[in-house]
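# Structural description and commentary
Each chain, written out:
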Amino acid sequence: MTTEMMDTNSLRQRLSDLRVRLLAELNHVRDGADDGSGQMGDFDPNHPADMATEMFEREMSETLTENVEELLHKVQRALARIEQGKYGLCEDCGKAIAQARLETVPYTSFCITCQARQES
Ligand SMILES: [Zn+2]
């Protein structure tokens, strides 16, 4: 059985689109974090509440950056696996990942059994 049995073209397209979106998101988040000067709005350092909000938003954007980078990494790995003809096989047990799972999470590297084991 080859990966031609699977509709990798549409999945590859979806992953490519996702990668473009994640890269844009990453740039957006980084721009926001680096350039705080023009985006403070009516920020007033004399009001502690504003300061707290500012710090909270900075933490949020850092969390977001980590998640986006992790996701981007998975998407790029999935694209590489399509090129290698290994896409759709679990990286852990080597069994085929359910098609329905790939449709939902096209960037996953693990079958649902191994994923569940990792998360437990
Ligand atoms: Zn597995």
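Residues numbered from 1 in each chain as written. Predicted model: local features only at pLDDT ≥ 70, side-chain atom pairs only at ≥ 80, totals over all residues.

### Brief notes about the overall build of the protein
Filter applied, for reference: Labels follow the DSSP assignment, with helices taken as runs of H or I lasting at least four residues and strands as runs of E lasting at least two, numbered in each case from the N terminus. Contact criterion: two residues are in contact if their C-beta atoms, reconstructed from the backbone, are within 7 Å.
From N to C terminus, the protein includes 4 helices and 0 strands. Along the protein, helices (α) and strands (β) appear in the sequence α-α-α-α when read from the amino end. In the protein, the proportion of contacts linking residues at least 24 apart, taken out of those at least 6 apart, comes to 61%.

### Notes on the confidence of the model for the protein
Cut-off, in case you're wondering: Confidence of the prediction at every residue is given by pLDDT, a number between 0 and 100.
Per-residue confidence for the protein gives a mean pLDDT of 83, with 81% of residues at or over 70. The element-level mean pLDDT for the protein is lowest in helix α2 (residues 48–84), coming to 84, with helix α4 (residues 112–119) highest at 92.

### Structural notes on the environment of T8
Considering the arrangement of structural elements, one finds T8 in helix α1 (residues 8–34). Along the backbone, T8 and E83 are 75 residues apart, and their C-alpha atoms lie at a distance of 9.9 Å.

### Some thoughts on the nonpolar core
The nonpolar side chains of a soluble globular protein tend to be buried with one another. Applied cut-off: Joined through C-beta atoms within 7 Å, a set of buried Ala, Val, Leu, Ile, Met, Phe, Trp, Tyr and Cys residues constitutes a nonpolar core. Any residue with 12 or fewer other C-beta atoms within 10 Å of its own C-beta is exposed, any with 20 or more is buried, and the rest are partly exposed; the C-beta atoms used are placed from the backbone.
The biggest cluster of nonpolar side chains holds 12 residues, and these are L11, L15, L22, V75, A78, I82, Y87, I97, L102, Y107, F110 and C111. Those elements giving two or more residues to this core turn out to be α1 and α2.

### Things to note about the environment of D7
In this structure, D7 sits in the segment before α1. Separated by 92 residues in sequence, D7 and Q99 have C-alpha atoms that sit 9.6 Å apart.

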